[in-house]
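Report on the structure
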Amino acid sequence: MSSLSSVDPQIAELVRAEERRQADTVKLIASENYVSKAVLEATGTVLTNKYSEGYASKRYYEGQQVIDQIETLAIERAKALFGVNHANVQPYSGSPANLAIYMAFLNPGDTVMGMGLPFGGHLTHGWSVSATGKWFTPVRYGVRKDTGRVDMDEVREIALRERPKLIFCGGTAIPRTIDFPAFAEIAREVGAVLAADIAHIAGLVAGGAHPSPVGHADVISTTTHKTLRGPRGAMLMATSDEHATALNKAVFPGLQGGPHNHTTAAIAVALKEAATDEFRAYARQVVVNAQALAEELSSRGFDLVSGGTDNHLILFDLTPKGIGGKPAAQALDRAGLETNYNTVPFDPRKPFDPSGIRIGTAGVTSRGMGVTEMRQIGAWIDQVVTALAKGEDEAEHVIGRVHAEVLELTSQFPAPGL
Ligand code: DSN
């Protein structure tokens, strides 16, 4: 970063500080990961200088000799990795990708059905504060109180009653396998388009550690930076060619201008990495680690939504521990354990001060950590939370001790790309 350091030492120092912070922290945020050095390098290239509205061989600016090849490579790799006929790699991120699905299939006011945000859905699945909830007519499904899982009979009942034109499955805080065939059957029954939002689990799907929506969902949307371990970006895919034109038109010119070509290149690199045996082993280990961490927390009296996990994600309710999710997440962060506070299903508290915490194992698994480290992390979470419940003085002492132990662990497991 020699040029950055000389032109803007302030920003350069802040970037270095963030790099140190990431190196020294156990990243348990379920939607984050560490990209490889190769992905990082592709992101920081001259491709950022180029405008390329349109699609390969049909652009609105000259000079696309190279960009066309890069975007085509990314598309071909996405098609091969996920086994789809169509891929669009231009959406800037998950929310614009999902908005493009509305643009492709719905008119303003049409009904969309998605999982409610407090149950693990995403804002863009029709939640009230999102444009998708304001400009369309949202109906929601949730999870059962007794199981913490989606009840497909209830989903079917709501769909038959409300007749949505679009159904979303998937979300941001779902610890269990998504039943794509069951959603597809319901969508077919009511004549809806089924969109599978696999942002969280895309790396697990690619690596064979979660069933694929291909052949079930009409459209698949995903970010590229979570379990898939690419740059911040997104993709839209379709099993058949039927929806290709509608999706492409919705992304450009429907919603976006020029694609971010440096991101497209980095997505292509990440997709190449995800097609390896090494990545398949990584995806499996992410799930093994999550299940080990879930067991450790469960054995220490934590109340896990749905009782455990099938994927990379664990959601727990801190009510039985006598504290809220937010103070607990803040205390864990001071101890070097990075999480996010999160609503839990039927949460009586507000989203900005909810009852739960969401964690995931994509990042720690990228650092090479395994079951032994998961058990240790579970013990640290318990120690910090238990101390916090007793009061700040007790917590300060425990946080200091855990933080020193976290630094010792992170020094043994260097993060990729840093
Ligand atoms: N922010 C993402 C997540 O954390 O799951 C969803 O948009």
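Note that this is a predicted model, so its numbers are computed, not measured. Within each chain, residues carry numbers counting from 1 in the order of the written sequence. Under the rules for a predicted model, residues below a pLDDT of 70 receive no local features and side-chain atom pairs below 80 are neither given nor counted, while totals for whole chains, interfaces and linings still include all residues. Here the side-chain values reflect all heavy atoms present in the structure, with hydrogen atoms and water set aside.

Bringing the overall build of the chain into the picture now. Summing up its helical and strand segments, the chain has 16 helices and 15 strands in all. The buried share among the 418 residues of the chain stands at 56%. Contact between two residues is taken to exist if any of their heavy atoms lie within 4.5 Å; hydrogens are not considered. Of the contacts formed within the chain by residues at least 6 apart in sequence, a portion of 71% connects residues at least 24 apart. Note on areas: Shrake-Rupley, 1.4 Å probe, and residue coverage restricted to the protein chains presented here. Taken as a whole, the chain presents about 17,500 Å² of accessible surface, with 53% of it coming from carbon and sulfur. Counted charges follow a simple rule, with Lys and Arg positive, Asp and Glu negative, and His plus the chain ends left uncounted. Charged side chains are reduced to one point each, which is NZ for Lys, CZ for Arg, CG for Asp and CD for Glu. Separation between the mean location of the 39 positive side-chain charges and that of the 46 negative ones in the chain comes to 2 Å. A run of DSSP states H or I qualifies as a helix once it reaches four residues; a run of E qualifies as a strand once it reaches two. Both are numbered from the N-terminal end. Buried, partly exposed and exposed residues are distinguished by accessible area as a fraction of the type maximum, computed with a 1.4 Å probe on protein chains only: under 20%, between the cut-offs, and over 50%, respectively.

Throughout this document, a residue counts as near a molecule or strand when at least one of its heavy atoms sits within 4 Å of that molecule or strand. Neighbouring residues of the ligand: Ser31, His122, Thr172, His200, Lys226 and Arg358. Throughout this description, a polar contact denotes any pair of N or O atoms lying within 3.5 Å of each other; where both atoms belong to protein, one of them has to be capable of donating a hydrogen while the other can accept it, and for residues adjacent in sequence the pair is counted only when both atoms sit in side chains. At 2.7 Å, a side-chain N or O of His200 approaches an oxygen atom of the ligand. Isolated, the ligand exposes 230 Å² of accessible area, and the fraction of that covered by the protein chains is 63%. As a working rule, the residues Ala, Val, Leu, Ile, Met, Phe, Trp, Tyr, Cys and Pro are called nonpolar, Asp, Glu, Lys and Arg charged, and the rest polar, with Gly in that last group. Grouping the constituent residues of the shell around the ligand by class yields no nonpolar, four polar and two charged.

This part covers the UniProt feature "modified residue: N6-(pyridoxal phosphate)lysine" (unreviewed entry) in the chain. UniProt positions are given in the numbering used here, feature names are shortened, and annotations may be inferred rather than shown by experiment. Mapped onto the present numbering, the UniProt feature "modified residue: N6-(pyridoxal phosphate)lysine" (unreviewed entry) falls on Lys226. With respect to the element layout, Lys226 can be found in the loop between strand E9 (219-223) and strand E10 (234-238).

With that settled, the discussion passes to the side chain of Asn342. Among the structural elements, Asn342 can be located in strand E14 (residues 340-342). If sequence neighbours within four positions are ignored, Asn342 has contacts with Ala173, Leu315, Asp347, Pro354, Ser355, Gly356, Ile357 and Arg358.

Among the residues of helix H8 (residues 180-190), those classed as buried are Phe180, Ala182, Phe183, Ala184, Ile186, Ala187 and Val190. Next to the buried residues of H8 lie strand E6 (137-141), helix H7 (152-162), strand E7 (166-170) and strand E8 (193-197). Between a side-chain oxygen at the N-terminus of H8 and the backbone nitrogen of Ala182 the separation is 3.2 Å; the capping residue is Asp179. Within two residues after H8, Gly191 carries a phi angle of roughly 70 degrees, on the positive side.

In terms of burial, strand E5 (residues 111-115) is a largely internal element, five of the five residues being buried. By definition, two strands form a pair when at least two bridges between them are found by DSSP. Here E5 runs beside E6; their pairing, made up of five bridges, is parallel. The residue of E6 that forms the bridge with Met115 is Tyr141. Both E5 and E7 contribute to a ladder of two bridges, which runs parallel. Looking at E7, one finds that Val112 is bridged to Leu166.

Below, the discussion takes up the sheet that holds strand E11 (residues 303-304). With respect to topology, four strands assemble into an open sheet ordered E11-E12-E15-E14, the strand pairing being antiparallel. Sheet topology places E11 and E14 at the edges, where each strand pairs with a single neighbour. Judged from the five bridges that link them, strand E12 (residues 313-317) and strand E15 (residues 356-360) form a sheet pairing that is antiparallel. The residue bridging Phe316 from the neighbouring strand is Ile357, located in E15. For helices, the fitted line uses only the C-alpha atoms of the stretch in contact; every axis is such a line through C-alpha atoms, and the angle between N-to-C directions lies from 0 to 180 degrees. Each of E14 and E15 touches helix H13 (residues 325-334); the most contacted strand, E15, lies at about 45 degrees to it.

As summarised here, the arrangement of the seven strands in space is E4-E10-E9-E8-E7-E5-E6, forming an open sheet in which the pairing is mixed. Of all the strands in the sheet, just strand E4 (86-88) and E6 have a single pairing partner and so form its edges. The average undirected angle you get between the axes of adjacent strands in this sheet is 20 degrees. Pairing between E9 and E10: four bridges, direction antiparallel. Following the sheet pairing, Thr222 is matched in E10 by Met235. Against the sheet, helix H10 (residues 244-255) contacts E4, E9 and E10, and its axis sits at roughly 0 degrees relative to E4.

A few words on the environment of Leu407. With respect to the secondary-structure elements, Leu407 resides in helix H16 (residues 392-412). For Leu407, a relative accessible area of 35% translates into the label partly exposed. Between the alpha carbons of Leu407 and Gly114 there is a distance of 41 Å; along the sequence they are 293 residues apart.

The biggest cluster of nonpolar side chains holds 52 residues, and the ones touching the most others in it are Phe82, Ile167, Phe183, Leu228 and Met235. In terms of residues, this core owes the most to one element, H8, which gives seven residues. The term nonpolar core refers to a set of buried residues drawn from Ala, Val, Leu, Ile, Met, Phe, Trp, Tyr and Cys, joined through side-chain atoms within 4.5 Å. Of all hydrophobic cores here, the second largest spans 37 residues; its members include Phe316, Ala335, Ile357 and Val364.

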